[in-house]
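# Examining the three-dimensional arrangement
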Amino acid sequence: MSTNGSTHDDDAVERATRPTLGELAWIGIVVAIGIVQVVRLQWFDALVFAAAALAIIADSTGRLPSSSRVRRVTGRALLIGGVMAAAAVTLLPRHTPAMMVAMLAIGAAVLIVVWPGTTRTAPWPHGLRLLSWWCAAIVIAGCLWELAQFVRGRVAPDIPAPALSDLLNPLLGTPIGHLVFAVVWVTAGAFLVRRAVRR
Amino acid sequence: MFSAIYFGLCAVALVVAALIVRHEYPEATLTALFDRMMDDRVVRIAVIVIWWWLGWHFLAGQTVDPHA
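The paragraphs below set out a description of the structure included in this document. (Residues numbered from 1 in each chain as written. Chains lettered and ligands numbered in written order. Predicted model: local features only at pLDDT ≥ 70, side-chain atom pairs only at ≥ 80, totals over all residues. Heavy atoms only, no water.)

The next subject is the overall build of chain B. Helix and strand counts for chain B stand at three helices and zero strands. Going from the N terminus to the C terminus, chain B shows its helices and strands as α-α-α. Since a compact globule built from 68 residues should have a radius of gyration of about 11 Å, the 16 Å found for chain B marks it as more spread out than a globular shape. With the principal axes as the frame, chain B shows a C-alpha extent of 45 × 35 × 15 Å. Within chain B, the fraction of its 68 residues that count as buried is 54%. Summing over all exposed atoms, chain B offers an accessible surface of approximately 3100 Å²; the carbon and sulfur share of this is 74%. Computing the positive centroid from 4 side-chain charges and the negative centroid from 6, chain B places the two 7 Å apart. (Helix = DSSP H or I, 4+ residues; strand = E, 2+ residues; numbered from the N terminus. Rg over C-alpha atoms; globule rule 2.2 N^0.38 Å. Buried < 20%, exposed > 50% of the residue type's maximum accessible area, 1.4 Å probe, protein only. Areas by Shrake-Rupley, 256 points an atom, 1.4 Å probe, with all protein chains shown as cover. Lys, Arg positive; Asp, Glu negative; His and termini not counted. Charge placed at Lys NZ, Arg CZ, Asp CG, Glu CD.)

Structure, rendered in structure tokens:
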């Protein structure tokens, strides 16, 4: 994913040395997912979340350089990057070294694009705060159910306890399921990158 | 089957909650919510890593554990 390398603002900003409540919540989420990967014995996945946790802990405590600069990505660059990513994850077979390389390349590119810049915004409007609480409550309800199925599957393997992965895996095994997932995943990523670089 | 219904209800609840809140507060959209979230690098990196990992999990890594 290419960028033109320009920035909105090159001024360094003073970063708070204590994480906010919201940042603590997200650090907790990343750590919790990492712990689940340890239980699953998925060491690479655990390493990814451990590295992410260390990075955001360091950032939230003011240990990383901070500035208000943001990498600017044009709509065209985002479109080209998205189409290339979609082509790769759609056409490559699942669980192959080629798919792994493509996924790693996409992750690295996105991380490079969204990394620069951090801002402390004004207090959230009431409506947005309300929306965030509702979304958080519903997503947490879903995650708790997922966790319960995961634990039940470990404690009592004979009792059916399908987690989201068990439900989606057979669908992704079909060409149309693979295509739909890949398009939805890339579209979601493009949306997130767009929101990240718009500042 | 119950799990599928439960996850489906969560997805429907997200849409309904977004519509209800937006009806009362027109500025409170999901896009505006992500705009605010992505302002903070800690949240931004956490969200991006989770999004990336979902792709990795289902397309590249081990999706279903053999003993689960």
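Below, the discussion takes up the nonpolar core. Formed by 54 residues in total, the largest nonpolar core has its most connected members in A:V89, A:M103, A:V114, A:W185, B:W51 and B:W52. Among the elements that take part in this core, helix α3 (residues 41-60) of chain B stands out by supplying 15 residues, more than any other. Filtering out sequence-adjacent residues up to four positions away, B:W51 remains in contact with A:I106, A:V110, A:W185, A:A188, A:G189 and A:L192. (Core = buried A, V, L, I, M, F, W, Y, C linked by side-chain atoms within 4.5 Å. Contact = heavy atoms within 4.5 Å.)

Turning our eyes to something else, we now look at unusual backbone geometry. Residues and elements named next belong to chain A. The phi dihedral of L41 falls on the positive side, at around 65 degrees, and the residue is not glycine. Take L41: it is sitting in the loop between α1 (21-39) and α2 (43-60). The backbone phi angle of H95 is positive, close to 60 degrees, even though this residue is not glycine. By secondary structure assignment, the location of H95 is in the loop between α3 (75-91) and α4 (97-114).

A few words now on the interface of chain B and chain A. With 53 residues of chain B in contact, the opposing surface of chain A contributes 83 residues. For the chain B and chain A pair, buried surface summed over both sides reaches about 6300 Å², with 71% attributable to carbon and sulfur atoms. By the criterion of area lost to chain A, the three top residues of chain B are B:R41, B:W51 and B:L59, representing 14% of everything that side buries. For the interface between chain B and chain A, the tally reads two salt bridges. Here B:R41 and A:D59 are joined by a salt bridge, their closest N and O atoms 2.9 Å apart. Counting across the interface, chain B meets chain A through 23 residue pairs in polar contact (both at pLDDT 80 or more). Counting residues per element, the ones that place at least two in the side of chain B that touches chain A are α1 (2-24), α2 (30-39) and α3 of chain B. Here the element with the most residues in the side of chain B that touches chain A is α3(B); it accounts for 20 residues. Looking at the side of chain B that touches chain A residue by residue, the classes come out as 36 nonpolar, nine polar and eight charged. (Buried area = accessible area lost by both parts, 1.4 Å probe. Salt bridge = Lys/Arg side-chain N within 4 Å of Asp/Glu carboxyl O. Polar contact = N/O pair within 3.5 Å; in protein donor to acceptor, adjacent residues only side chain to side chain. Nonpolar A, V, L, I, M, F, W, Y, C, P; charged D, E, K, R; others polar.)

The next point concerns the packing of α1(A) against α2(A). All names here are of chain A. α2 packs onto α1 with a crossing angle of 160 degrees between their chain directions and a minimal axis gap of 8 Å. Taken together, the axis directions place α1 and α2 in an arrangement best described as roughly antiparallel. Note on packing geometry: the crossing formed by α1 with α2 is left-handed. Each of E23, W26, I27, V30, V31, I33, G34, Q37 and V38 in α1 lies in contact with α2, whose residues at this interface are W43, D45, A46, F49, A52, A53, I56, I57 and S60. (Axes fitted to C-alpha atoms, helices over the stretch in contact; angles between N-to-C directions. Parallel < 35°, antiparallel > 145°, perpendicular 65-115°, else oblique. Left-handed = near helix turned anticlockwise from the far one by under 90°.)

Time to look at the pattern of salt bridges. The final tally for this structure, using the stated rule, is two salt bridges over all chains. One salt bridge connects A:R195 with B:D35, and the closest N-O pair in it is separated by 2.6 Å. Taken together, the positions of A:R195 in helix α7 (residues 175-197) and B:D35 in helix α2 put the pair across two chains. The burial state of A:R195 is the same as that of B:D35; both residues are buried.

This structure, assessed with the given rule, holds nine aromatic pairs over all chains. The interplanar angle of 25 degrees and the centroid separation of 4.7 Å between the aromatic rings of A:W145 and B:Y6 together place this pair among those described as stacked. Of the two residues, A:W145 is situated in helix α5 (residues 126-155) and B:Y6 in helix α1; the pairing between them involves two chains. Owing to a relative accessible area of 22%, B:Y6 belongs among the partly exposed residues under this scheme. Pairwise contacts between aromatic rings join A:W145, B:F2, B:Y6 and B:F7 into one cluster. (Phe/Tyr/Trp six-rings, centres within 6.5 Å; stacked < 30°, edge-to-face > 60°.)

The values reported here are purely geometric and, on their own, carry no functional implication.
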